[in-house]
Amino acid sequence: MRKSIGVVDGVVLAASSTAATSSIGIGLGLMAGIVGLHLPAIMLLAFLPVLGIAGGYGRLNRVDPNAGSSYKWVGGIFSPWLGFLTGWVNVVGTVVFMAYTTTVTGSAVIQLLRQATVHSVAGLSLDPDSTLQSTLLGMVVLLAASLVAVRGLDVAARLQKYLLVFEYGVLIAFCVYGLFAGDQPFSLSWYNPFDLPSAEALAQGMMLAVFCYWGFESVFSVGEEVGDPRDASRGGFIALVVMLLLFLLAGTAFQRVLPLGELADNGAQGLAYFGTKLAEQPLAALPLIALMFSAVASLQASVIPTARGMYAMGRDGVLGPVWTRLHPRHGTPAAGTLLITAIALLLAAMSLVIPTVNDLIFAAVNAIGIVVALYYALTATAAAVRFRHLLRTSPLESLRAVVGPALGALVLLATGAYLTWTFYTSTDHFEVSADNGWFALLVPVLMIGSGLLAAAWARWHRRSPYFTRARTQATPGTPDLPDAPETSRRTGA
């Protein structure tokens, strides 16, 4: 694959993957129902472990930029089985995310049509909370976004850059206006995590907030297509800080404008409702358009790193050769991109068993949040083990490469374990319902279980050399990788 992007493109890709506008538009209302008027506190609290984990990603990327990123790093430092599982749950989690974001995108389109006084088409009443209508519309958008991604990273990054400028401009303008125009009394307790209602609210709120930051690491999956590996690290860190500022601004503005009941009740339509409270049409439609653009950008930004992760796994022989086929003209993993899109479309169709968009989002986010916590923690722990020699040789650098990732991994593992136990003990029966704890646990269990089965197939049926050859990484704790790229050796990695 050709090196076609720089640090600005990396920021755009990471920012599009985290999809701040979508997270704000559909996530703040869901979180408000759990943590109450403490949205800024939970977003700030979740940022700290994610920042520590980002330090581990950045350091690993400097010494070994790889399309497989965490899949290769964890496999080289710990074991191929854990590495495969890390890559697998990352890919499957992203595909599930793409499936439900497809529905979110269609819902935004329907909301926009209704604001334009189009309430029915061919006698069919349009309902933005209808999973069927929203999914069918979103499928068309996902397919179009994937075809653009096949054209190349530079083309996709340019498109996403324009989308980001518009959506961030609208989001910032409305939120700043909401800070002054809102009539809800401001309180510093909004920023105090010790005022959260319960340990369960803290755990579930943390998981949802970490999910909002999820995606910054997508920039590391294109490490082989970045001119300087350090540009990928810079892009990820810049995107994370921008996300934090946007989440704090939006959380404060939403709570200034909307009472807790209205904020929690509107859920997936929170941003659209926020816009109508601050402006008349047609200006009130701008936040909804920004949400739609964000959803489109996140769909495209999701398929790009996922296809590259599968490319890396196919290159190692753990998956079939179809995943390694590059487009003869654009140099992108075109076959993998289209296959990922097809799988996401299939999952989106299967999600129709959940009748409303709100319930679908809540179920998907809880499920993905648990596996995200798992593979973030594995990657961060791998970084801490790999660079633990820095505790002796460079105490200051070890804060970013060892201490920060280790603490971040510990926090996410503890949060995920507590939330899993809470879901398990919350019910005594199974039903297909977003608020059923056993149903919430079914998806992560299937993700991890299918990963173990796929790893066994790759190990004993495909006889992939990934499981049998010597580790490509140096022994954990040694100062340098023998095959470190020249740019990494110059920076002293």
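Residues numbered from 1 in each chain as written. Predicted model: local features only at pLDDT ≥ 70, side-chain atom pairs only at ≥ 80, totals over all residues. Heavy atoms only, no water.

**Q** Just to check I follow, could you spell out the overall build of the protein chain for this structure?
**A** Regarding its fold elements, the protein chain presents 18 helices and two strands. Counting the 493 residues in the protein chain, one finds 59% classified as buried. Within the protein chain, contacts between residues at least 6 apart in sequence are counted, and of these 81% link residues at least 24 apart. (Helix = DSSP H or I, 4+ residues; strand = E, 2+ residues; numbered from the N terminus. Buried < 20%, exposed > 50% of the residue type's maximum accessible area, 1.4 Å probe, protein only. Contact = heavy atoms within 4.5 Å.)

**Q** Explain the side chain of Ser146 to me, please; I cannot follow it from the model alone.
**A** Tracing the chain through its elements places Ser146 in helix H6 (residues 131-150). When residues no more than four places from it in sequence are discounted, the contact partners of Ser146 are Val303, Thr337 and Thr341.

**Q** Explain the packing of helix H5 (residues 80-115) against helix H13 (residues 334-350) here, please?
**A** What describes two packed helices is the angle between their axes and the distance between those same axes. Running from N to C, H5 and H13 cross one another at 60°; their axes reach a closest spacing of 8 Å. Between H5 and H13, the angle is such that the two are oblique. The chirality of how H5 crosses H13 is right-handed. Each of Val91, Val95, Val96, Met98, Ala99 and Thr102 in H5 lies in contact with H13, whose residues at this interface are Ile340, Ile343, Ala344, Leu347 and Ala348. Residue composition of the contact of H5 with H13, by class: ten nonpolar, one polar and no charged. (Axes fitted to C-alpha atoms, helices over the stretch in contact; angles between N-to-C directions. Parallel < 35°, antiparallel > 145°, perpendicular 65-115°, else oblique. Left-handed = near helix turned anticlockwise from the far one by under 90°. Nonpolar A, V, L, I, M, F, W, Y, C, P; charged D, E, K, R; others polar.)

**Q** Help me understand the environment of Val91, please; the structure alone is not making it clear to me.
**A** In this structure, Val91 sits in helix H5. Residues Val91 and Met447 lie 356 residues apart in sequence; the distance between their C-alpha atoms is 9.6 Å. Residues in contact with Val91, not counting those within four places in the same chain, are Thr306, Met310 and Ile340.

**Q** Teacher, can you tell me more about the packing of aromatic side chains here?
**A** Two numbers describe a pair of aromatic rings. These are the distance of the centres and the angle of the planes. Applying the stated criterion across every chain, the model contains 21 aromatic pairs. With 5.2 Å between their ring centres and 75° between their planes, Phe186 and Trp190 make a pair best called edge-to-face. Classification of Phe186 by relative accessible area gives partly exposed; the value is 45%. Relative accessible area serves as the criterion here: at 3%, Trp190 is assigned to the buried category. (Phe/Tyr/Trp six-rings, centres within 6.5 Å; stacked < 30°, edge-to-face > 60°.)

**Q** Explanation requested: unusual backbone geometry in the structure shown.
**A** Most peptide bonds take the trans form, and the phi angle of most residues other than glycine is negative. One non-glycine residue, Arg463, adopts positive backbone phi at about 50°. When you line up the elements, Arg463 lands in the loop between helix H17 (437-461) and helix H18 (486-490).

**Q** Help me understand the side chain of Thr94, please; the structure alone is not making it clear to me.
**A** With respect to the secondary-structure elements, Thr94 resides in helix H5. Within the structure, the side chain of Thr94 is placed 2.8 Å from the backbone oxygen of Asn90, a separation counted as a polar contact. Those residues within four positions of Thr94 in sequence are excluded, and the remaining contacts are Trp214, Ser302 and Thr306. (Polar contact = N/O pair within 3.5 Å; in protein donor to acceptor, adjacent residues only side chain to side chain.)

**Q** I keep staring at the pattern of salt bridges and nothing clicks. Help me out?
**A** Where side chains of opposite charge bring their charged atoms close, a pairing between them can arise. Here the structure, examined in full by the defined rule, presents five salt bridges. The shortest N-O distance in the salt bridge between Arg59 and Glu397 comes to 2.6 Å. In this pair, Arg59 sits in helix H3 (residues 39-63) while Glu397 sits in helix H16 (residues 395-425), placing the two residues 338 residues apart along the sequence. On the basis of relative accessible area, Arg59 is assigned to the buried category, the value being 4%. Note that Asp316 and Lys72 form a salt bridge whose closest N and O atoms lie 3.2 Å from each other. Here Lys72 lies in helix H4 (residues 70-77) and Asp316 lies in the loop between helix H12 (286-315) and H13, a separation of 244 residues in the sequence. A single burial state applies to Asp316 and to Lys72, both of which are buried. Three or more residues are tied together by salt bridges with common partners; here these are Arg59, Arg62, Glu397 and Arg400. (Salt bridge = Lys/Arg side-chain N within 4 Å of Asp/Glu carboxyl O.)

**Q** Where do I start with helix H2 (residues 20-35) in this structure?
**A** In an α-helix, one full turn covers 3.6 residues, which means residues spaced three or four apart are oriented alike. Taking 1.5 Å per residue, 16 residues should reach 22 Å; H2 reaches only 19 Å between its end C-alpha atoms and comes up short. Along H2, the helix axis deviates most sharply at Gly27, where the bend reaches about 45°. One or two residues past the end of H2 sits Gly36, with phi positive at roughly 70°. (Expected span 1.5 Å × (residues − 1). Bend = angle between axes of the 7 residues up to and from the residue.)

**Q** Would you mind showing me how to read the environment of Ala440 here?
**A** For Ala440, the location among the structural elements is in helix H17. The exposure class of Ala440 is buried, given its relative accessible area of 5%. Taking the C-alpha atoms as reference, Ala440 lies 9.6 Å from Ile368; in sequence the two are 72 residues apart. If sequence neighbours within four positions are ignored, Ala440 has contacts with Ala367 and Phe423.

**Q** Before we go on, may I ask you to explain the environment of Leu147 in this structure?
**A** As for its position among the elements, Leu147 is in helix H6. Take Leu147: its relative accessible area is 48%, and that puts it in the partly exposed class.

**Q** Would you explain H13 in this entry?
**A** End to end, H13 covers 25 Å across 17 residues, agreeing with the expected 24 Å (1.5 Å per residue, within 8%). When we look at burial in H13, the residues that qualify are Ala334, Gly336, Thr337, Ile340, Thr341, Ala344 and Ala348. All buried residues of H13 lie within an arc of 165° about the axis, which places them on one face of the element. Set apart from the buried face of H13 by more than 90 degrees, the exposed residues are Leu346 and Met350. Where H13 is buried, its residues meet H5, H6 and H12. (Arc of directions from axis to C-beta.)

**Q** Help me understand the confidence of the model for the protein chain, please; the structure alone is not making it clear to me.
**A** Residues with a pLDDT of 70 or more make up 86% of the protein chain, whose mean pLDDT is 80. Put simply, H18 is where the protein chain has its lowest mean pLDDT, 36, and H3 is where it has its highest, 90. Below pLDDT 50 for its whole length, residues 470-493 participates in 52 contacts with residues either more than four positions away or in separate chains. (pLDDT = per-residue confidence, 0-100.)

**Q** Got a minute to help me understand a nonpolar patch on the surface in this structure?
**A** Among the surface-exposed residues, Trp421, Tyr424, Phe430, Val432, Trp438, Leu442 and Leu446 lie close enough to one another that they form a single nonpolar patch of about 730 Å² accessible area. If you list the elements that add at least two residues to the nonpolar patch, you get H16 and H17. With three residues, H17 is the single largest residue contributor to the nonpolar patch. (Patch = residues over 30% accessible without salt bridge, like charges linked within 9 Å, V, L, I, M, F, W, Y side chains within 5 Å. Areas by Shrake-Rupley, 256 points an atom, 1.4 Å probe, with all protein chains shown as cover.)

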